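# Examining the three-dimensional arrangement
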Amino acid sequence: MAALKIVFDIPDHPGSYASIEGAPIDFAHIERQTMGDKGLEMEVLQLFARQARQAMAEIAGGEADACREAAHRLKGAALTVGAAHVADAAAALEGQPTDTGLRGAVGAAVLETELFILKLCR
C-alpha cells in the first residue's frame, strides 16, 4: 500500500523531487553520479528498474546460491542509484538467502522503488 501512496502523492514537478523526504531514490546521490544530466538520470533509473525486475525473478527462482548472487547484484545496482532501502533489504537477503521473509522485504522495496521511477517517467 505504501507504494501506491508514493505513486499518487508525488508532485508532477521534476525539479522538486530532490526535496521529497523519504523518497526511495536519493536524488542528490544520483545527480552526482550523472553530473546533473536529467536525461541520463532517467535512463539510469529505468535501467535500474529493469535490473531489479531481473534480480527479483532470480531471487524468486529459488536456490540459495543464485538468490545470494542476485541479491548481491541488486545491492550494488541500488547503491549506484541511491536506492538505499532496496540496498539494505538486498544486503540482508544476501546474508540469509533462504529467508522467505527477507525475500518478501526485497520484493516490497523493489516494487516501491519501481513504482516511484515509473511515476517520474510519466
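Conventions adopted
Residues numbered from 1 in each chain as written. Predicted model: local features only at pLDDT ≥ 70, side-chain atom pairs only at ≥ 80, totals over all residues. Heavy atoms only, no water. Helix = DSSP H or I, 4+ residues; strand = E, 2+ residues; numbered from the N terminus. Buried < 20%, exposed > 50% of the residue type's maximum accessible area, 1.4 Å probe, protein only. Contact = heavy atoms within 4.5 Å. pLDDT = per-residue confidence, 0-100. Phe/Tyr/Trp six-rings, centres within 6.5 Å; stacked < 30°, edge-to-face > 60°. Axes fitted to C-alpha atoms, helices over the stretch in contact; angles between N-to-C directions. Parallel < 35°, antiparallel > 145°, perpendicular 65-115°, else oblique. Left-handed = near helix turned anticlockwise from the far one by under 90°. Nonpolar A, V, L, I, M, F, W, Y, C, P; charged D, E, K, R; others polar. Salt bridge = Lys/Arg side-chain N within 4 Å of Asp/Glu carboxyl O.

### A word on the side chain of His29
- Relative to the assigned elements, His29 resides in helix 2 (residues 27-33).
- The class for His29 is buried, based on a relative accessible area of 19%.
- Discounting chain neighbours no more than four positions away, the residues touching His29 are Leu79, Thr80, Val81 and Gly82.

### Examining the confidence of the model for the protein
- Per-residue confidence for the protein gives a mean pLDDT of 86, with 83% of residues at or over 70.
- Confidence scores differ between elements of the protein, with helix 1 (residues 2-9) showing the lowest mean pLDDT of 43 and helix 5 (residues 84-95) the highest of 97.
- For the stretch residues 1-19, pLDDT sits under 50, and the model shows 22 contacts to residues farther than four places along the chain or on other chains.

### Topic: the packing of aromatic side chains
- Summed over all chains, the structure comprises one aromatic pair.
- Judged by centre distance (5.9 Å) and plane angle (45°), the ring pair of Phe27 and Phe116 falls under tilted. Note that Phe27 is positioned in helix 2 and Phe116 in helix 6 (residues 100-121), a separation of 89 residues in sequence.

### As for the packing of helix 5 against helix 6
- Packing of helix 5 against helix 6 brings their axes to within 9 Å, and their N-to-C directions diverge by 160°. In terms of axis orientation, helix 5 runs roughly antiparallel to helix 6. In this structure, the crossing between helix 5 and helix 6 has a hand that is left-handed. Contacts between helix 5 and helix 6 involve His85, Val86, Ala89, Ala90, Ala92 and Leu93 on the former and, on the latter, Leu102, Arg103, Ala105, Val106, Ala109, Val110, Glu112 and Thr113.
- Class assignment of the residues belonging to the contact of helix 5 with helix 6 gives a composition of 10 nonpolar, two polar and two charged.

### Overview of the pattern of salt bridges
- Evaluation of the coordinates by the stated rule reveals five salt bridges.
- One salt bridge connects Glu114 with Arg53, and the closest N-O pair in it is separated by 2.5 Å. Linking Glu114 in helix 6 with Arg53 in helix 3 (residues 38-61), this pair joins segments that are 61 residues apart in sequence.
- Glu94 is the partner of Lys75 in a salt bridge, and the nearest nitrogen-oxygen pair spans 2.8 Å. You can see Lys75 sitting in helix 4 (residues 64-81) and its partner Glu94 sitting in helix 5, a full 19 residues away along the chain.

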